[in-house]
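Listed below are the residues making up each chain.
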Amino acid sequence: MKHSNINGQIQCTGKKGNYLIQPIADNIFRCVYTLKEEFAEPSLLVNTSETFLPVSTEIFESKNDIQICSSKLKLSIDKNTEHFTWSALKPESASDFSSESESGQTLDSVSQPISNSTQDRLLLQEAGKELSETDVVRYTTGDEDPVIKRVKTVDGERNFILNLKAINDRKAYRAKLFFDFASDESIFGLGQAEEGIYDHRRQNQYLYQHNMRIPMPFMLSDKGYGIFVDCCSLMTFNDDVNGSYLFLDTVKQLDYYFIVGENADEIIASYRRLTGRASMLPKWAFGYIQSKERYKSDQELVDVAKHYRDLNVPLDCVVQDWYSWSEDHWGEKRVDPARYSNLKNCIDQIHEMNVHAMVSVWPNMNNGTIDHTEFMEKGFLLNDLCTYDAFNEEARELYWKQAEIELFNSGFDSWWCDSTEPFSGPDWNGPVKREPWERYSIVGGEHKHFLDPEFANVYSLLHAKGIYENQRKATDQKRVLNLTRSGYASSQKYGAVLWSGDITATWETMRRQIAEGLNMSMSGYPYWTLDIGAFFTVKEKWQNRGCCCENDPEPKWFWQGDFEEGIRDKGYQELYTRWLQFGVFLPMFRSHGTDTPREIWNFGKEGEPVYDTLKKYIQLRYRLMPYIYSLAGAVHFNHYTMMRSLLFDFAQDPEAVKQSSEYMFGPSFLVSPVTEPMYYMPNSKPVQHSKDWQIYLPKGASWFDFWTGIRYEGGQTTTVSAPLDIMPIFVKAGSIIPAAENLQYAAQIPEQPVKLVIYPGKDASFTLYEDEGDTYAFEDGQYSMIPLTWKDATGTLTIGARIGSYKGMEISRQFEIHLASFDNKVLTVDYDGTEQTVVIRK
């Protein structure tokens, strides 16, 4: 095997193809394998604006192998087999990820290194690479007029073109990257699916866009590495008797990045450097969002907001779901004047209550509507002739122009970009769920009918790019927020929050959603949420849904909720309550669904257990707003992760790593959602069930029960009481939690001083992040950070000198210091921005 080093890029000539090894950073190597003479540039997934420092590498050659080494990573290439072996080099010094943040912001540094080894450490042995030539097929009607079958589906009205013909467009490759995993290795990430698979070892996963499926071309190993595959096509992950490999459906070359890190945070941070920094969401996005299918007028949106304010229950957003348009105008970005006669005035009223508004927009449009006609005339539609071509920059600009005219200019604050796969119809039907391989083939095949197969997984990415870039051009006074059902690597830089799709109301679904959310986080994507209470509540037929799918008597495999009576079912009230408790500790806190109402007053009234519990947890979310928004700052500035598998912080505790139904929310909170009924089964049938719940407390830390204050040592499974109003929550000893009382909306300035709640037992640090909340002034340095440090041995808290400032910032303020409880006030401190240290405990 011959090799050469050209400006730090190592090129090797193999038996069949050529290799490029490009050190990007000390811990990141790009690897390319091609059968061509030239290497293609990275795809649109890679953030080319990121600046990496030059990497010092050494190359060693022996009779049997070639070794390429940076200070952290070694790649050995076997000259005979051409297999790659990856090793982490002996660390020069201990890693402290938080101290290396680009902004200076720190969180409590609990993350454990993957290994304490002081020797070189084997990470992964690859088992080969494979490229096979394939035809890239595009579909067209040629000279024929399209034969269109218009179908009303659960995802709106769709065109099915019956006379499409396949034409060979060009040549590309199908690729495989083979692995020889360690027997005890676990693989995470790969996005979000439906099955609730936490560890992908000895599993197969189909990576294609679909309702309830959001693929990500990134996997994370508990051995201390990650692999980001620069692939925009369909993919599969296979780990069974047929081999362990990633399959790429259509690529120019096999192109991937191998990342090593001392801990999961470092690996994820490197991945985000490659794919793009997560954008800063508006502060209100972390408050409570009330949605349902659907509010039917502008006045109803106002009334919902007002009702929450009258009840003194916090709220930050109301959502207008689909069918805001006129009848038979599916996808039109203009509202029905009969039901939304004074849209701007109504949104102004909502804003006066310090509530925001989100609106659903779709990529597909009915024939003959104003929007559709404009796209049709300009040739900006895909070959289904109803979905706009998001791969065309001019088409993205037109889409924004249409959305801006009435929706944005009337005051809507954010976007709900629904059905952005954008095709799922062929599988979204029938009483029986098809086989996994069959669904992949059918839905993936539909994508490849209307999208270039090389880019079949990235429609939603380009759609989000268009929304983000064009809103940024329109104003810098409103941050982009796009709740979208599909996404991909690098969507995070476009203000996109992913949600898990149209899930069903069962206890098993709720349990699975925890694992899916954790895998999305371990895919490097920071903002994920779900429909609290699930979307489908009952076992339903489409004809009852409203304007689409009527007169279809056939039951559907996905519309299989367990609660026919909806909110009247005590079993559903219990499930919804537990789901909302879980939702408090997600990046976005949002209730939504069909079949039954979701607003709090539908679950009872003050003094009744379900209502009181729902209000208690919504208030808890707002109580934690200073903590949560500081985490949001860390996500943007430090590439942090909010929803954290225990792999992030307790990598050396094997029992912790395998937990799939509990997780850390930020550095301090360990949460364990209750995922079994304790009071009622469906149809309000009482159930005899213990009101206790088991939770594993990771070793290496002590833990305070959030509700009782009792302290436990880690490394054990403990049983705690979990009646309806208690979800097990523990706080790690050595935590500082900023909190606020009596907020009704996220951006509200607290009337009482912000609390700094210290949970002693270990040293701690945290940075309180603050800014204006909904502008891009932070990009110009207009934000503040207040470093907080607790020294356990001396019982002292240091409130550090404030870093930075922003318009409207309180120059002088007070902090209330609390010890081991939100209600145990110790003292009040006056703070003017200069450093001061106070003794809390002698």
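Below you will find a few notes about this structure. (Residues numbered from 1 in each chain as written. Predicted model: local features only at pLDDT ≥ 70, side-chain atom pairs only at ≥ 80, totals over all residues. Heavy atoms only, no water.)

**Re helix H7 (residues 459–474)**
Right, on to step 1. For H7, with 16 residues, the first-to-last C-alpha span of 23 Å sits near the 22 Å given by 1.5 Å per residue.
Right, on to step 2. Regarding H7, the residues found buried are Tyr459, Ser460, Leu461, Leu462, His463, Ala464, Gly466, Ile467, Tyr468, Asn470 and Gln471.
Right, on to step 3. Those residues of H7 that are buried are in contact with helix H5 (393–408), strand E23 (414–417), strand E24 (482–484) and strand E25 (496–499). (Helix = DSSP H or I, 4+ residues; strand = E, 2+ residues; numbered from the N terminus. Expected span 1.5 Å × (residues − 1). Buried < 20%, exposed > 50% of the residue type's maximum accessible area, 1.4 Å probe, protein only. Contact = heavy atoms within 4.5 Å.)

**Concerning the packing of aromatic side chains**
Any pair of aromatic rings gets described here by the distance separating the centres and the angle formed by the planes.
Right, on to step 1. Inspection of every chain in the model, using the stated rule, returns 63 aromatic pairs.
Right, on to step 2. Measuring from ring centre to ring centre gives 5.6 Å for Tyr208 and Tyr440, while their planes differ by 80°; the resulting arrangement is edge-to-face. One end of the pair, Tyr208, is in the loop between strand E14 (204–207) and strand E15 (214–221); the other, Tyr440, is in helix H6 (residues 436–450), with 232 residues separating them in the sequence.
Right, on to step 3. Here Tyr208 falls in the buried class, since its relative accessible area comes to 1%. (Phe/Tyr/Trp six-rings, centres within 6.5 Å; stacked < 30°, edge-to-face > 60°.)

**With respect to the pattern of salt bridges**
Right, on to step 1. If you walk through the whole model with that rule in mind, you get 53 salt bridges.
Right, on to step 2. Arg644 is the salt-bridge partner of Asp265, the closest N and O atoms lying 2.7 Å from each other. Of this pair, Asp265 sits in helix H1 (residues 264–275) while Arg644 sits in strand E30 (residues 643–644), placing them 379 residues apart in sequence.
Right, on to step 3. Here Glu469 ties to Lys465 by a salt bridge, and the two come within 2.7 Å at their closest N and O atoms. Of this pair, Glu469 and Lys465 are both found in helix H7, four residues apart, which corresponds to roughly one turn of the helix.
Right, on to step 4. Accessibility expressed as a relative area gives 29% for Glu469, which makes it partly exposed.
Right, on to step 5. Among the charged side chains, a network of salt bridges with common partners joins Glu194, Glu195, Arg213, Asp427, Lys433, Arg434 and Arg439. (Salt bridge = Lys/Arg side-chain N within 4 Å of Asp/Glu carboxyl O.)

**Concerning the sheet that holds strand E16 (residues 225–229)**
Backbone hydrogen bonds are what pair the strands of a sheet, in a parallel or an antiparallel way.
Right, on to step 1. Read from one edge to the other, the open sheet built from eight strands follows the order E1-E2-E3-E4-E19-E16-E15-E13, with strand pairing classed as antiparallel. Two strands in the sheet have a free side with no partner beyond their single neighbour: strand E1 (2–6) and strand E13 (187–192). Across the sheet, the mean angle from the axis of one strand to that of its neighbour is 20°, orientation sign disregarded.
Right, on to step 2. Pairing of E16 with strand E19 (residues 254–260), which is carried by five bridges, proceeds in the antiparallel orientation. In the sheet register, Val229 faces E19, and the bridge partner there is Tyr256.
Right, on to step 3. The strands that H1 touches are strand E3 (18–25), strand E4 (28–34), E15, E16 and E19; relative to E19, the one it contacts most, it runs at about 145°. (Pairing = 2+ DSSP bridges. Axes fitted to C-alpha atoms, helices over the stretch in contact; angles between N-to-C directions.)

**Observations regarding the sheet that holds strand E29 (residues 589–591)**
Right, on to step 1. An order of E26-E25-E24-E23-E22-E21-E20-E29 is seen for the eight strands of this open sheet, with the pairing classed as parallel. Where the open sheet ends on each side, the last strands, each with one partner, are strand E26 (528–529) and E29.
Right, on to step 2. Contacts from helix H2 (residues 298–311) reach strand E20 (288–290) and strand E21 (317–320), with the element oriented near 155° to E21.
Right, on to step 3. Packed onto the sheet, H7 meets E23, E24 and E25 and runs at close to 165° relative to E23.

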